[in-house]
Amino acid sequence: MKNTGKGARIAIYIGLIFWALINLFPVYWMFTFSLKNNAEIFGENVIGLPQHWLWSNYTSALKTGHMAKYFLNSAIVATATILITLGVALMATFALTRMIWKQRKNLNKFFMLGLTIPIHASIVPVYVTLSRLHLLNTYWALIIPYSAFSLSMAILVCTGFMNEIPRELDESACIDGCSTWGIFLRIIVPLMKPAVATVGIYTFLQCWNELMFANIFISKTALKTLPVGVQALSGQYTTEWGPIGAALVLATFPTLLLYVFLSKKIQDSFVAGAVKG
Amino acid sequence: MHKQYSNKWQILVFLLPALILFCGILIAPIGASLYYSFFDWNGIGAKTFIGLSNYKELFHSNAIGFMKALRNSLLLAALSVFLQLPLALAFALTLGKRIKGERFFLSVFFMPVLISTVVIGQLWLKIYNPDYGILNVFLRSIGLDNLAQIWLGNKKTALGAVFVPTLWQYVGYHMLLLYAGVKSVPYELREAAMLDGASDAQINRYIVLPYIKPIIRISVIFAVTGSLKSFDLIYVLTNGGPLHSTEVPSTLMISMLFLRNRFGMGSTIAVLLILLCFGFALLINAIFKEEN
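Small disclaimer: the values here were computed from a predicted structure and weren't measured.

1. Considerations on the overall build of chain B
Step number 1: For chain B, the helix and strand inventory stands at 14 helices and two strands.
Step number 2: Along the three orthogonal principal directions, the C-alpha set of chain B runs to about 80 × 75 × 35 Å.
Step number 3: Classification of the 292 residues of chain B by burial places 46% in the buried group.
Step number 4: Taking as baseline every contact in chain B between residues at least 6 positions apart, the subset at least 24 positions apart corresponds to 69%.

2. Digging into unusual backbone geometry
Step number 1: Omega for the bond connecting Gly241 of chain B with Pro242 of chain B falls within 30 degrees of zero, at -15°, which places this linkage in the cis form.
Step number 2: By the secondary structure assignment, Pro242 of chain B is in the loop between α12 (232–237) and α13 (249–258).
Step number 3: The backbone of His134 of chain A sits at a positive phi, close to 55°, despite the residue not being glycine.
Step number 4: Relative to the assigned elements, His134 of chain A resides in the loop between α6 (120–132) and α7 (140–164).

3. Re the interface of chain B and chain A
Step number 1: The interface is formed by 68 residues belonging to chain B together with 69 residues belonging to chain A.
Step number 2: In terms of residue count, helix α2 (residues 8–36) of chain B provides more of the side of chain B that touches chain A than any other element does, 15 residues in total.
Step number 3: The residue makeup of the side of chain B that touches chain A, split by class, is 47 nonpolar, 15 polar and six charged.

4. Points about the packing of helix α5 (residues 102–114) of chain B against helix α8 (residues 158–183) of chain B
All names here are of chain B.
Step number 1: At a minimum axis separation of 6 Å, α5 and α8 run at an interaxial angle of 130°. Of the possible angle classes, the one that applies to α5 and α8 is oblique. Handedness of the α5/α8 crossing: left-handed. Across the interface between the two elements, Leu106, Phe109, Phe110, Met111, Pro112 and Val113 of α5 pack against Trp168, Gln169, Tyr170, Val171, Gly172, Tyr173, Met175, Leu176 and Tyr179 of α8.
Step number 2: Of the residues assigned to the contact of α5 with α8, the class counts are 13 nonpolar, two polar and no charged.

5. Looking at the confidence of the model for chain B
Step number 1: Scored by pLDDT, chain B has a mean of 93; 100% of the residues are at 70 or more.
Step number 2: As a predicted assembly, this complex carries a pTM of 0.92 together with an ipTM value of 0.91.

6. Let's talk about the packing of α6 of chain A against α2 of chain B
Step number 1: Axis separation between α6 of chain A and α2 of chain B bottoms out at 8 Å; the angle between their running directions is 80°. The pairing of α6 of chain A with α2 of chain B is recorded here as roughly perpendicular in orientation. Residues Ala121, Ser122, Val124, Pro125 and Val126 of chain A of α6 of chain A pack against Ile25, Leu26, Pro29, Ile30, Ala32, Ser33 and Tyr36 of chain B of α2 of chain B.

7. A closer look at the environment of Ile30 of chain B
Step number 1: The topology assignment puts Ile30 of chain B in helix α2.
Step number 2: Residue classification places Ile30 of chain B among the partly exposed positions, given that 18 C-beta atoms sit within 10 Å.
Step number 3: Each C-alpha atom, one on Ile30 of chain B and one on Ser107 of chain B, is 37 Å from the other, the two residues being 77 residues apart in sequence.
Step number 4: Setting aside chain neighbours within four positions, we find Ile30 of chain B in contact with Ala121 of chain A together with Ile274 of chain B.

8. What about the confidence of the model for chain A?
Step number 1: When pLDDT is averaged along chain A, the result is 92, and 98% of the positions lie at 70 or above.
Step number 2: Helix α4 (residues 67–97) of chain A holds the highest mean pLDDT among the elements of chain A, 97, whereas helix α2 (residues 38–44) of chain A holds the lowest, 79.

9. Notes on the environment of Ile218 of chain A
All names here are of chain A.
Step number 1: Tracing the backbone shows Ile218 in the loop between α11 (212–217) and α12 (226–236).
Step number 2: Placed 195 residues apart in sequence, Ile218 and Asn23 show a C-alpha to C-alpha distance of 32 Å.
Step number 3: Not counting chain neighbours up to four residues away, the residues in contact with Ile218 comprise Asn137, Ala141, Leu142, Leu223, Lys224 and Val228.

Here is what the cut-offs are and how they apply
- Residues numbered from 1 in each chain as written.
- Chains lettered and ligands numbered in written order.
- Predicted model: local features only at pLDDT ≥ 70, side-chain atom pairs only at ≥ 80, totals over all residues.
- Helix = DSSP H or I, 4+ residues; strand = E, 2+ residues; numbered from the N terminus.
- Buried ≥ 20, exposed ≤ 12 C-beta atoms within 10 Å, placed from the backbone.
- Contact = placed C-beta atoms within 7 Å.
- Nonpolar A, V, L, I, M, F, W, Y, C, P; charged D, E, K, R; others polar.
- Axes fitted to C-alpha atoms, helices over the stretch in contact; angles between N-to-C directions.
- Parallel < 35°, antiparallel > 145°, perpendicular 65-115°, else oblique.
- Left-handed = near helix turned anticlockwise from the far one by under 90°.
- pLDDT = per-residue confidence, 0-100.

See the structure below:
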């Protein structure tokens, strides 16, 4: 920046601020119109702060719009997916980085294929299988595919962290008579907290926002997740925008809250997944 | 130690859950999709083997309009590579050289990537609303009434109106990847060039860009394969309409499967999408190798 002229510097900042406003405006607008009535949204006060803070939009979204239910469903699916992904990935990574066998490098490469396989590949066969097993319209219909598609990224992140743990720890535990499971559960897993956090956040963001599977595998209102639920709600409230705005805010605030506190970690996890893939 | 860690059964037990999940949901379905693509099948009844008929129909039938959908997604890929990526690169280069507010701008620019595409889509539906949407309200307020229109309902404007938010949302994603690359350029390299009197533009051109070429390659691959696979925003905004003007392969695949119950044809589109994604990834890799 030192050898840039003053004029150029001002131009750069104007550009950056302009783009920042473009990115912030939709979020600001969403928050404000979620608290307005139609008269304000449609003319009196299109982009200002709400004159009368209409919290009833939120009660309609939560109750009549079923947002409370969709929110709970998303939370259940996300939590189960994170737990399964972590458990399965930690176990696989342990075998891939610590245990001694010939093909482990190749198997690691095989798992990394998952970073590039599009979900389109799975839609038809997984739909057919789920329907035969009578698992459509259950939480499992989402939890199993989400876990599978999160696995490659989770193994990638865990491998990086697990390789950092010194092998001497395993050896001394072994001398003390610790079994393989004991080493895994009592020594390795507790040291994997940073990896667990990264994988957890990344997996959460992926399944919180996923639309295609959720749209196809779930048709019962009682089991819909937020992306599909928001779609349904917007069809229900075509003329009233306030409750739709409230629903959009409800679907978005967990993500934004997480981002405010963990922006660096979230960004790092996106970079890690991309650069290796 | 060595003995304990070489126990074949134990290794298998640790790997088994991952293998089952990964092969069952990701690997086997590729083969199954390929298999289904050779059949005429409604998803429930008996399958009729029809060889390559699905593929032939897909490429020749104007009623399905696969070529049009493919053209749309390739146009999106081109816009992504030649508009979205340069913009992302410009931001990455600017933010990567330690300016004030670097973290703030980085975080704000990346934010749209984290917001659910359905939410983004719903917001843009409101922005484009012909009567009350802020786009038309804005155009009318500055006296450009004749430019205000039914953005998503008009065959001429719908594709553009769908592309704008699609391209906008992921600028931050590419910026973040490229920024990570710019940050990895060793400071000594920059410093040496500065001491030799190189300008910012020269440093970018001769030091940073060659250094981050592998990441540019990744970004280009993501831009192209992401465009080929694009679904969420288009589904929310137009679902391929009006009159199929914004159809892309993914929306076509979903309507084949769940509106027309043509599971064989849906699988055929899925197979072609996978092939196209891998094909383009290989092609882009080859182009970048050639240049070296």
